[in-house]
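Summary of structural features
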Amino acid sequence: MKKSVLFGALTVTGLVAGAAQAATLDDVKERGELNCGVVTGLAGFGAPDANGVWEGFDVAVCRAVAAAVLGDPTAVNFVPTTGQTRFTALASGEIDMLARNTTWTFSRDTDLKFDFAGVNYYDGQGFIVPTALGVSSAKDLDGATVCIQTGTTTELNLADFFRNNNISYEPVPVETNAEAQQQYLAGACDAYTTDASGLAATRATFENPGDHVILPEIISKEPLGPLVRHGDNEWGDIVRWTLNALIAAEEFGVTSANVGELSAAPGTNPEVNRLLGTEGELGAMIGLENDWAKNAIAAGGNYGEIFEKNIGENTPIGLARGLNAQWTNGGLIYAPPFR
């Protein structure tokens, strides 16, 4: 496993070194479309609907960036990527950004030469098992077969957890969440491990979700967020501050329903006015029009709206805000000042 990880790192690093560090913003504007890397299919986070239209929590970030840059949230070419192909797609320039439940780690930030634009979901790795297995704790999985996606942080986390607890397991490698789900439901593995949010999303698609339980242990920190290539700071700023705009909008009560009104009739909050471009020149600082954030918010709503629509407690995914609540509500979601 260590050899494959090293080989992947060297391959991606080589691609980064060879890729032209031209201005991505110029490329996107000339193309008239954002190439955004997404998951191959994960309910609530990224998947095409019955009409082939991509939707989801991560997809909304892509659409917000397209709206900020091009004024059109539909001007996105969604490129499905797996745990194995996502970094090569970004490093080679096939995609302009990656918004695909990807964990921010030291090696990805430094050795693979990527820049994370922030965290849009604070997560942790968990386990799902059939209720009939009679297991109530991950520590009871001694000798179990475990489905795990290759090319992910979950591989090392899994090995560490079992080693620390002096128990053994047999890995069943899979490449995509769809393959993991198929193998798990077919009984090829006793348990499936990935980010807890992914487990909730996967269980929601089962015919009988109640026949499966997500175990209580969270064995890692998984700060998930969009990322771009090193070497193009202007483009990194655009993706970073578009995400921040969605987060700040929720804090200030700016929604998809009132953003037009607030932009047409500026209020007394100067930070909201700067955010929406009715005061100051923040847009010019990142090479965009002054209504860039307004367009991003109008595309799918603020951070809270995007969360509740796609993965919140009233959706089949059923995720509580928890750590992903605004800092004013005891969570970790926080945007730097717009000034």
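The rules behind the values
- Residues numbered from 1 in each chain as written.
- Predicted model: local features only at pLDDT ≥ 70, side-chain atom pairs only at ≥ 80, totals over all residues.
- Heavy atoms only, no water.
- Helix = DSSP H or I, 4+ residues; strand = E, 2+ residues; numbered from the N terminus.
- Rg over C-alpha atoms; globule rule 2.2 N^0.38 Å.
- Buried < 20%, exposed > 50% of the residue type's maximum accessible area, 1.4 Å probe, protein only.
- Salt bridge = Lys/Arg side-chain N within 4 Å of Asp/Glu carboxyl O.
- Pairing = 2+ DSSP bridges.
- Axes fitted to C-alpha atoms, helices over the stretch in contact; angles between N-to-C directions.
- Disulfide = S-S within 2.5 Å.

This brings us to the overall build of the protein. Broken down by element type, the protein carries 14 helices and 14 strands. In terms of overall size, the protein behaves like a compact globule, its C-alpha atoms giving a radius of gyration of 20 Å where 339 residues would be expected to give roughly 20 Å. Here the C-alpha coordinates of the protein stretch approximately 60 × 45 × 40 Å along the principal axes. Within the span of the protein, comprising 339 residues, buried residues form 52% of the whole.

For the structure on display, the rule yields 4 salt bridges. Between E250 and R321 there is a salt bridge, with the nearest N and O atoms lying 3.0 Å from each other. Linking E250 in helix α9 (residues 233-252) with R321 in the segment after α14 (303-310), this pair joins segments that are 71 residues apart in sequence. Of the residues examined, E250 reaches a relative accessible area of 21% and is grouped as partly exposed.

With that settled, the discussion passes to the sheet that holds strand β9 (residues 144-149). Here we have 5 strands laid out as an open sheet, ordered β10-β9-β11-β8-β12, and mixed in their pairing. The open sheet has two edge strands with one neighbour each: β10 (169-174) and β12 (212-214). Averaged over all neighbouring strand pairs, the angle between strand axes comes to 30 degrees, with direction disregarded. Where β9 lies against β10, 6 bridges are found, and the strand directions are parallel. Among the inter-strand pairings, A144 is bridged to a residue of β10, identified as Y169.

Attention shifts here to the state of the cysteines. Under the criterion given, the structure shown has 2 disulfides. Covalent S-S linkage joins C36 and C62, the inter-sulfur distance amounting to 2.1 Å. What sets the handedness of the C36 and C62 disulfide is the S-S torsion sign, and at about -60 degrees it is left-handed. Linking C36 in strand β1 (residues 34-39) with C62 in helix α3 (residues 57-70), this pair joins segments that are 26 residues apart in sequence. Looking at C36, the relative accessible area reads 0%, which means it is buried. Since its relative accessible area comes to 0%, C62 is described here as buried. For C147, the disulfide goes to C189, at an S-S distance of 2.1 Å. Note on the C147 and C189 pair: the S-S dihedral is about -100 degrees, so by sign convention the disulfide is left-handed. With a gap of 42 residues between them, C147 in strand β9 and C189 in the loop between α7 (177-185) and β11 (191-195) connect regions that are remote in the sequence.

These values are about where atoms sit, not about what they do.
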